[in-house]
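Inside the fold
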Amino acid sequence: MSSIAEFSTIKHNLLNNILEAKTLESDLRKNFQIDLTIKERIERIQNNIQSTNFTVAVVGVIKRGKSTLLNAILGDKIEILSTNVTPETAKLSYLVYDDDPYAIIHKTNGEKERIKIEDLGKYTNSFPKTRLNIRHKHKGVKELVMSTKYAEIHYPNEYLKNGVRFVDTPGVDDPDPDRSRVTEEFISSADAVIFLIDVLEGGLKESELIFMKNRIINRKSSKGVICVCNKILALRKFQQNELNDVLINTKDVLKKELNIEVPIFPVDAKAAYQGKLENNESLLEKSRFHEFLDGLETFLINEKGKIALKRLLIDLKANIIEPIIETLSFSVINRPNELTEITNQLVAYKKSINAQKEKVDKLQTKINNEKSNLKSSIESEIRTKFKNIIINNNDATVQLRNNLAKVIEPINTKFTNQIKHIFSDLLKDLDAYEVRLPNAKLMVETPNISIDDFYVTKQIISQTSGASLASAGIGAAAAGLLFATGIGVIIGAYIGYKIGQEIDNQQVVKTTKELDIKSVQNKLSEMTGEIITSYINSVDIYFQQFQSEINTWFNNKEEELNSKMQMVENIKSQKESEFENISKELSIYLDKAKSLLELTNNYLLKLEEL
Ligand SMILES: Nc1nc2c(ncn2[C@@H]2O[C@H](COP(=O)(O)OP(=O)(O)OP(=O)(O)O)[C@@H](O)[C@H]2O)c(=O)[nH]1
Ligand SMILES: [Mg+2]
C-alpha cells in the first residue's frame, strides 16, 4: 500500500473517531444534560479533516509533458488529459475523486455545466485558429473553450480517492492573461507544485527560471516545489550521460539564482504511462516514475499531511476526548451535590433526634432525683409537724381536723411552690416550650378522721369509804386530760372529791366519757403514714403528668422528625438509584471515550511511522 493510501486510511479512521465523538457529545448533551460546549469544535475538526487533501499542480512550459505525467498517474486506458502534439492544453483541469467519471465546466460567466469526460477536449483544448489548421478529433470548439474558465474532472482513481487532487495547467508561456491568472490562483493554493522541465531541451531554460522565480517562488516560497526532468528515455544512447549533467546543472542554477534546494526527479512520463497500460514492469522501471511518485508522496505526507493531521489528532485528543473522559470520570464517581446535601440533611435530623432524646433522658433523670428528694423532704416535714400536734382531752373531731388542716395547708403550699419551682427550672433546661406545666396543686387526700370513736365510756362506782378521795383522784386525772394547766387539775380534784363525798354517802354508779388519747395518738401516727402516702402519691401523679407531657412532646417531635426524615430518606434512595443508573450508563460512555482515546493515540503513532 502506498503511503498516501495509509495516510488516507488514518484520515478515514480519524473521521470515524470524530463521528463517534460527535454522537457521544450529542448523547451526553441530550440524554444527560452534560454540555461540554465542544460541539462546534468537533464539527470544525471534522471539517478540517474532511478538507485535509493535497492539491498538486503540474506546471511547466508548453509541451513539457504535463498532461502525459498526469495521465501516467491516473493510469487509465483512456488518456483523460489530451496530450497530442496539437492541440495543446488550453484550459486548466482540476481532478478530484468520484466513483463515476464526469466533468463540471466552470464557465467564465460563473455558470457550471456537467459534461461527459469524452467531451472534455471540446472545452479545454485549443481550437484551430485558422481554417488552415488540420482538423483533429480532440480539438476544442471555439465558443466552448472561450467560455470555459476551468474544468473540474471527477474520476475514479486511487490517488484522487486518497485525497490527492491534481491540477493540469496550460503551458506557463501562455500569452492569455486570463488563463495565466487562473493557473496562478491554483498554484498559490497548491500544496505541491510539480515543475516540469525537458531533458531534451537541456534542462532548465532561462524563461523557465524566470517563471519559477516570479510565479512560484515569490508567491509561495520554495517549499512544495518538486522539479521533474521529463522525457529521459527520449535521449539518444550517446546523450545518456548528459542526463546527470542536466540534473546537476539545474540544481546548481536553482541554488545559485534562486537560493533554493529543490528535489529533481528524472522521469519518462510517456514510458510510465505505456508501462502501466501494458503492464510492462521493465519499462515502468526505466521510466523511474515510481521514484518520483514515492518522492511526491513522502513530500506530501511529511511536509503537509502529517503536520495537518497531527494537529487535528492532538486537537481531538486534548480538546474533545480528554475533557469528555475527565467529565465522565468525575460524574461516574461523584454523587451529585444534591445527594450529598440530602445525606447531610439526614445526618442532621438524626443528630437532632438524638440530641433531643439525650435532653429528655437527662431531664427525666433530673425529674426522678427531684421527685425522690421532694418525697423524702415531704415525709420528714409531715412527720415533724404531726409529732408536734397535741391532742387534748376535750378535742372534738372538727377541732382535730382543723388542727390537721392547719398543719397540712402550709405544707401543701410549700410543696406546691417547690414543685412549680422545680418544673420551671426543668423547663428552662428544655428548650421545648410546647411542654405545658400541669396545674401545680397537690391533691392530698386528707383521711377521714373521727375522734368520736376514741371516746370510751367508763363506769365509776363510788363506795362509802374513800370514795371522795378516789373521786378526787379520778377528777384530777380527768381534769388533767381536759386542761393543760395545773389549776384544771386542782379544780378536777375538787369536783372529784365532792362527787366522792356524795358517793361516800350513798352508793353511786357514775358513767363518764373519756377520750382515749393513746389510741388517738396511734391513729394520728397511722394517719401521718396515710397522709405521707397520699402526698407521695400526689407527687407521683403530678410528676407523672409532667413526665408524660414531656414524653408526648418528645414523641411528637420525634415522630415529626422521623416522618420528615423518612421523606428525605425516600428522596435520597430515589436519587441514589437514579445516580446509580446514570452512573452505570455514563460508565459505558466513559469506556467508549477511553477507547476513542486509545485509538487516537494509535493513529498518532501510526502517523509518526509513515
Ligand atoms: N518521449 C517522450 N515524449 C513525451 C513524454 N512526455 C510527453 N511526451 C510527448 O510530448 C508531447 C506533449 O505532451 P503533453 O503531455 O501534451 O505536454 P503538455 O505539457 O501537457 O503540453 P501542453 O499542455 O500543450 O502545454 C506529446 O506528444 C507527448 O507524447 C516523455 O516522457 N517522453
Ligand atoms: Mg497538456
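See above for the structure.
What you see is a predicted model, and the numbers here were worked out from it, not measured in a lab. (Residues numbered from 1 in each chain as written. Chains lettered and ligands numbered in written order. Predicted model: local features only at pLDDT ≥ 70, side-chain atom pairs only at ≥ 80, totals over all residues. Heavy atoms only, no water.)

Looking at the overall build of the protein chain
Helix and strand counts for the protein chain stand at 17 helices and eleven strands. Buried positions account for 44% of the 610 residues belonging to the protein chain. Within the protein chain, contacts between residues separated by at least 24 positions form 81% of all contacts whose residues are at least 6 apart in sequence. If you sum the accessible surface of the protein chain, you get close to 33000 Å²; carbon and sulfur atoms cover 50% of it. (Helix = DSSP H or I, 4+ residues; strand = E, 2+ residues; numbered from the N terminus. Buried < 20%, exposed > 50% of the residue type's maximum accessible area, 1.4 Å probe, protein only. Contact = heavy atoms within 4.5 Å. Areas by Shrake-Rupley, 256 points an atom, 1.4 Å probe, with all protein chains shown as cover.)

Things to note about the site of ligand 1
Every one of the 18 residues lining ligand 1 counts as a neighbour, but Lys63, Lys66, Thr68, Glu88 and Thr89 are closest to it. Thr68 places a polar side-chain atom, nitrogen or oxygen, 2.4 Å from an oxygen atom of ligand 1. The set of elements that each furnish at least two residues to the shell around ligand 1 consists of α3 (66-74) and α10 (269-278). Among the elements that take part in the shell around ligand 1, α3 stands out by supplying three residues, more than any other. (Near = heavy atom within 4 Å. Polar contact = N/O pair within 3.5 Å; in protein donor to acceptor, adjacent residues only side chain to side chain.)

A few points about unusual backbone geometry
Even without glycine at this site, Thr37 takes up a positive phi of about 45°. Note on placement: Thr37 falls in the loop between α1 (3-32) and α2 (39-50). Residue classification places Thr37 among the exposed residues on the basis of a relative accessible area of 66%. For Lys63, which is not glycine, the phi torsion reads 65° and is therefore positive. The residue Lys63 is located in the loop between β1 (54-60) and α3 in this model. You can call Lys63 partly exposed: its relative accessible area is 35%.

Brief notes about the nonpolar core
Leu28, Leu69, Phe166 and Phe292 are the most contacted members of the largest nonpolar core, which totals 77 residues. Broken down by element, this core gets its largest block of residues, 17 residues, from helix α12 (residues 289-333). The residues touching Phe292, leaving out its near neighbours within four places in the chain, are Leu69, Ile73, Ile194, Val228, Phe265 and Val267. In terms of nonpolar packing, the next biggest core, distinct from the first, is built from 37 residues, Ile391, Ile411, Leu426 and Tyr535 among them. (Core = buried A, V, L, I, M, F, W, Y, C linked by side-chain atoms within 4.5 Å.)

A closer look at the coordination of the magnesium ion (ligand 2)
On the protein side, the magnesium ion (ligand 2) has Ser67 (OG) and Thr89 (OG1) as donor atoms, found 2.1 Å from it. On the criterion of sequence distance, the pair formed by Ser67 in helix α3 and Thr89 in the loop between α3 and β2 (92-97) is long-range, its members being 22 residues apart. Look at Ser67 and you get buried, because its relative accessible area is 6%. Classification of Thr89 by relative accessible area gives buried; the value is 14%. (Donors = N, O, S within 2.8 Å, 3.2 Å for Na, K, Ca; no water.)

A few points about α2
Look at α2: 17 Å from first C-alpha to last across twelve residues, which is about the 16 Å you get at 1.5 Å a residue. Among all positions of α2, only Ile42, Ile45, Gln46 and Ile49 are buried. Down the axis, α2 shows its buried residues gathered within 100° of arc, on one side only. If you follow the buried residues of α2, they end up packed against α1 and α12. (Expected span 1.5 Å × (residues − 1). Arc of directions from axis to C-beta.)

Points about the packing of aromatic side chains
Using the criterion set out here, one finds nine aromatic pairs in the structure. Ring centres 5.1 Å apart and planes at 70° place the aromatic pair Tyr150 and Phe186 in the edge-to-face group. Placement of the pair is Tyr150 in strand β5 (residues 148-155) and Phe186 in helix α7 (residues 177-189), with a sequence separation of 36 residues. For Tyr150, a relative accessible area of 14% translates into the label buried. Within the aromatic cluster, the residues linked to one another by ring pairs are Tyr94, Tyr150 and Phe186. Just above the ring of Tyr102 sits the side chain of Arg114; from NZ or CZ to the centre is 3.6 Å. The lysine or arginine in question, Lys592, covers the ring of Tyr589, its NZ or CZ lying 4.9 Å from the ring centre. (Phe/Tyr/Trp six-rings, centres within 6.5 Å; stacked < 30°, edge-to-face > 60°. Lys NZ or Arg CZ within 6 Å of the ring centre and 35° of its normal.)

Overview of the pattern of salt bridges
One side chain can pair with another of opposite charge once the charged atoms of both are near each other. As enumerated under the stated definition, the model contains 22 salt bridges in all. Notably, a salt bridge pairs Arg288 with Glu291, separated by 3.3 Å at the nearest N-O pair. With its nearest N and O atoms 3.7 Å apart, the salt bridge here joins Asp540 to Lys371. Here Lys371 lies in helix α13 (residues 337-387) and Asp540 lies in helix α17 (residues 517-609), a separation of 169 residues in the sequence. Taking the relative accessible area as the measure of exposure, Lys371 reaches 15% and is therefore buried. One connected set of salt bridges, linked through shared partners, spans Arg41, Arg44 and Asp315. (Salt bridge = Lys/Arg side-chain N within 4 Å of Asp/Glu carboxyl O.)

Points about the sheet that holds strand β8 (residues 225-230)
On the basis of which strands lie adjacent, the open sheet formed by nine strands has the order β4-β3-β5-β2-β6-β1-β7-β8-β9 and mixed pairing. In this open sheet, the two edge strands, each paired with only one partner strand, are β4 (112-115) and β9 (264-266). Adjacent strand axes in the sheet meet at a mean angle of 20° when their direction is disregarded. For strand β3 (residues 102-107) and β5, the ladder comprises six bridges, and the chain directions are antiparallel. Bridging across to β5, Tyr102 finds its partner in His154. Against the sheet, α7 engages β1, β2, β5, β6 (164-168) and β7 (192-198), with an angle of about 40° to β2. (Pairing = 2+ DSSP bridges. Axes fitted to C-alpha atoms, helices over the stretch in contact; angles between N-to-C directions.)

Comments concerning the environment of Ile324
With respect to the helices, strands and loops of the structure, Ile324 is situated in helix α12. Judged by its relative accessible area of 2%, Ile324 is buried. Sequence separation between Ile324 and Ile34 is 290 residues; the distance between their C-alpha atoms is 9.6 Å.

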